[in-house]
Amino acid sequence: MPLISVPTTKATHQITFKSKNDLAIEMIDAFQANDDEQVCVLMDSWYTSEKVVNACNREGFHVIAAIKTNRLICPSDIPIKINDFRRAAHS
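Residues numbered from 1 in each chain as written. Predicted model: local features only at pLDDT ≥ 70, side-chain atom pairs only at ≥ 80, totals over all residues. Heavy atoms only, no water.

**With respect to the pairing of strand 2 (residues 62-65)**
Bridge analysis of strand 1 (residues 40-43) against strand 2 gives 4 bridges, and the strand direction is parallel. Following the sheet pairing, Leu42 is matched in strand 2 by Ile64. A crossover connection joins strand 1 to the parallel strand 2 through helix 2 (residues 50-59); in handedness this β-α-β unit is right-handed. (Pairing = 2+ DSSP bridges. Helix = DSSP H or I, 4+ residues; strand = E, 2+ residues; numbered from the N terminus. Right-handed = clockwise from strand over helix to strand, strands pointing away.)

Take a look at the structure:
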């Protein structure tokens, strides 16, 4: 006799996996701002990605975000790691 009985059902549910960034993009796309509002999206480094920032840009939203130091940025179309960019800016 088993110690734990798990009920079984005949119906199975297929749930599609969505990443945290995919979920964030869905929320950004679904948000309806009034015409007289400026929207600022504040995110930590777990959500900061090109896809999420581009979703904000498409909607005309401002972005305030933390960024990991090993990420590449492209100021003036020149790829550089953010940590190297910081060092160059402070020298």
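**As for the nonpolar core**
For soluble globular proteins, the rule of thumb is that nonpolar side chains tend to be buried together. Counting 9 residues, the largest nonpolar core is built from Ile25, Ile28, Val39, Val41, Met43, Val52, Ala55, Cys56 and Phe61. A total of 3 residues in this core trace back to one element, the largest contributor, which is helix 2. (Core = buried A, V, L, I, M, F, W, Y, C linked by side-chain atoms within 4.5 Å. Buried < 20%, exposed > 50% of the residue type's maximum accessible area, 1.4 Å probe, protein only.)

**Let's talk about the environment of Cys74**
Following the sequence through the fold, Cys74 ends up in the loop between strand 3 (72-73) and strand 4 (80-81). Considering only alpha carbons, one finds Cys74 and Phe85, 11 residues apart in sequence, at a separation of 9.9 Å.

**So, the pattern of salt bridges**
Within the structure shown, the criterion is met by 4 salt bridges. Among the ionic pairs, Arg58 bridges to Asp29, the shortest N-O distance being 4.0 Å. Taken together, the residues Arg58 in helix 2 and Asp29 in helix 1 (residues 20-30) connect sequence positions 29 residues apart. On the basis of relative accessible area, Asp29 is assigned to the partly exposed category, the value being 35%. (Salt bridge = Lys/Arg side-chain N within 4 Å of Asp/Glu carboxyl O.)

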